[in-house]
Amino acid sequence: MSKLLTNGCSLTWGSGLNPDTRVVDAYPYKLAKLLDVELIDLSKPGESCQYVVRTTIDFFLERLNEDLSDYIVFLQMPSGLRFEYWKEDGWNSYMINNSDSKTIVNLFGNDMYDSYNMINSIMQVGSFLKENNIRYYISTNGKDCKINERIEYIETNYNILGSSLVNSRLAGEVPFKEIRIPGDGHFSEHGHTVVRKSIFLYNSLHHV
């Protein structure tokens, strides 16, 4: 049986949904049912691009003796302003915000660093998946990696979905406000259904 591996932050995990039905209401489960495949969801709320890269690569490093052609990978890249760091005996997540020192915000809390962090993450995990002939799709978040020197290369050489999960184009031009929870940046149950349908249609039209 084919397998769908998803990874990302709260948008993929299903934050804001009914806790009792979150798993089945979030788009990874709905997409897996639509494709009739087994689901492995590695997403966690508040995580970073670095988390997505690390956990996705580690997952497959442990399975290099398997037939990886059975897998379809969908990655939703979080904000490039989030970071992972090692403390004592585990990984921790951190997001730069305006409450940080002015120096930290100026150095690492800007749009350019956000984009570079995301692009480097895409290149790292994308290259690994390509090398191992694993089918994959990546949706960017936030600014959609607007760095002129690299954007054409990224779009040409990696399987980037038409746009961001956040900005609605992937959702078939449905305004984001119509698929999110009122007063919250996360998808509603209806929003997860719209995203699931859009990913499925994209997958059908753009075979890896």
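Going along each chain's sequence as written, the residues are numbered from 1 onward. For a predicted model such as this one, the threshold for reporting local features is a pLDDT of at least 70, and the threshold for listing and counting side-chain atom pairs is 80 or more; totals across whole chains, interfaces and linings nevertheless cover every residue. The basis for the side-chain values is all heavy atoms of the structure; hydrogens and waters are excluded.

(A) Here's a closer look at the environment of L35. Helix numbers and strand numbers start at the N terminus; a helix is a DSSP run of H or I with at least 4 residues, a strand a run of E with at least 2. Within the secondary structure, L35 is located in helix α3 (residues 27–35). Only protein chains enter the accessibility calculation, which uses a 1.4 Å probe. A residue is then buried if its area is under 20% of the maximum for its type, exposed if over 50%, and partly exposed in between. For L35, a relative accessible area of 22% puts it in the partly exposed group. Sequence separation between L35 and L4 is 31 residues; the distance between their C-alpha atoms is 8.6 Å.

(B) Structural view of the pattern of salt bridges. Salt bridges are defined by distance alone: a side-chain nitrogen of Lys or Arg within 4 Å of a carboxyl oxygen of Asp or Glu. The final tally for this structure, using the stated rule, is four salt bridges. One salt bridge in this structure joins E47 and K44, with 3.6 Å as the shortest N-O distance. With a shortest N-O distance of 4.0 Å, R63 and E66 are connected by a salt bridge. The exposure class of R63 is partly exposed, given its relative accessible area of 21%.

(C) Molecular detail of unusual backbone geometry. Phi angles above zero are rare outside glycine, and E88 is one such case at about 60°. Looking at the secondary structure, you find E88 in the loop between β4 (82–87) and β5 (90–95). Relative accessible area serves as the criterion here: at 70%, E88 is assigned to the exposed category. Phi is positive for N133, close to 55°, though the residue is something other than glycine. By the element assignment, N133 lies in the loop between α6 (111–131) and β6 (135–139). Exposure remark for N133: the relative accessible area of 63% places this residue in the exposed category.

(D) Spotlight on the sheet that holds strand β3 (residues 71–76). At least two bridges found by DSSP between two strands is the condition for calling them paired. In spatial order, the strands read β2-β1-β3-β6; together these four strands make up an open sheet with parallel pairing. Each end of this open sheet is capped by a strand with a single partner; those strands are β2 (38–41) and β6. Strand-to-strand twist in this sheet, taken as the mean axis angle between neighbours without regard to direction, amounts to 15°. Looking at chain direction, β3 and β6 are connected through five bridges and run parallel. Within β6, the position partnered with L75 by the bridge is I138. Residue contacts follow a heavy-atom distance rule, with two residues in contact if any of their heavy atoms lie within 4.5 Å. For helices, the fitted axis covers only the stretch in contact; all axes are lines through C-alpha atoms, and the angles between them, taken along N-to-C directions, range from 0 to 180 degrees. Each of β1 (3–7), β2 and β3 touches helix α4 (residues 49–61); the most contacted strand, β1, lies at about 150° to it.

(E) Examining the nonpolar core more closely. The nonpolar core is taken to be a set of buried Ala, Val, Leu, Ile, Met, Phe, Trp, Tyr and Cys residues, with the residues joined through side-chain atoms within 4.5 Å. Counting residues in hydrophobic clusters, the biggest one holds 27 residues, and the most contacted among them are F60, V73, M77, I122, V125, L129 and I138. Looking at this core, the elements with two or more residues in it are α4, β3, α6 and β6. Here this core gets seven residues from one element, more than from any other, and that element is α4. The next biggest cluster of nonpolar side chains, apart from the first, holds 16 residues, and it includes L11, L31, I199 and Y202.

(F) How the structure looks around the environment of I134. Among the structural elements, I134 can be located in the loop between α6 and β6. Exposure remark for I134: the relative accessible area of 3% places this residue in the buried category. Separated by 64 residues in sequence, I134 and D70 place their C-alpha atoms 8.2 Å apart. Once residues within four sequence positions are removed from consideration, I134 is found in contact with F60, L68, Y71, V73 and L129.

(G) Representation of α4. Between the first and last C-alpha of α4 there are 18 Å, a value that for 13 residues agrees with the 18 Å anticipated at 1.5 Å per step. Those residues of α4 not exposed but buried are C49, Y51, V52, V53, T55, T56, I57, F59 and F60. To estimate how far a helix should extend, the number of its residues minus one is multiplied by 1.5 Å.

(H) Fine view of the packing of aromatic side chains. Pairing of aromatic side chains requires ring centres within 6.5 Å, counting the rings of Phe and Tyr and the six-membered ring of Trp. Pairs whose planes differ by under 30 degrees are stacked, by over 60 edge-to-face, and all others tilted. Tallying each qualifying case throughout the model produces five aromatic pairs. Consider the rings of F59 and F60, whose centres lie 5.1 Å apart with planes at 85°: the pair is edge-to-face. Each of the two residues, F59 as well as F60, counts as buried. Judged by centre distance (5.1 Å) and plane angle (85°), the ring pair of F60 and Y71 falls under edge-to-face. Taken as a pair, F60 in helix α4 and Y71 in strand β3 lie far apart in primary sequence, eleven residues in all. For the residue pair F60 and Y71, the accessibility class agrees, reading buried in each case. Members of the aromatic cluster, joined through ring pairs, are F59, F60 and Y71. Two conditions define a charge located above a ring, namely a distance within 6 Å from the ring centre to NZ of Lys or CZ of Arg, and an angle within 35 degrees of the ring normal. One residue, K3, lies across the ring of Y71, its end atom 5.3 Å from the ring centre. Lying over the aromatic face of Y158, K130 brings its terminal NZ or CZ to 4.8 Å of the ring centre.

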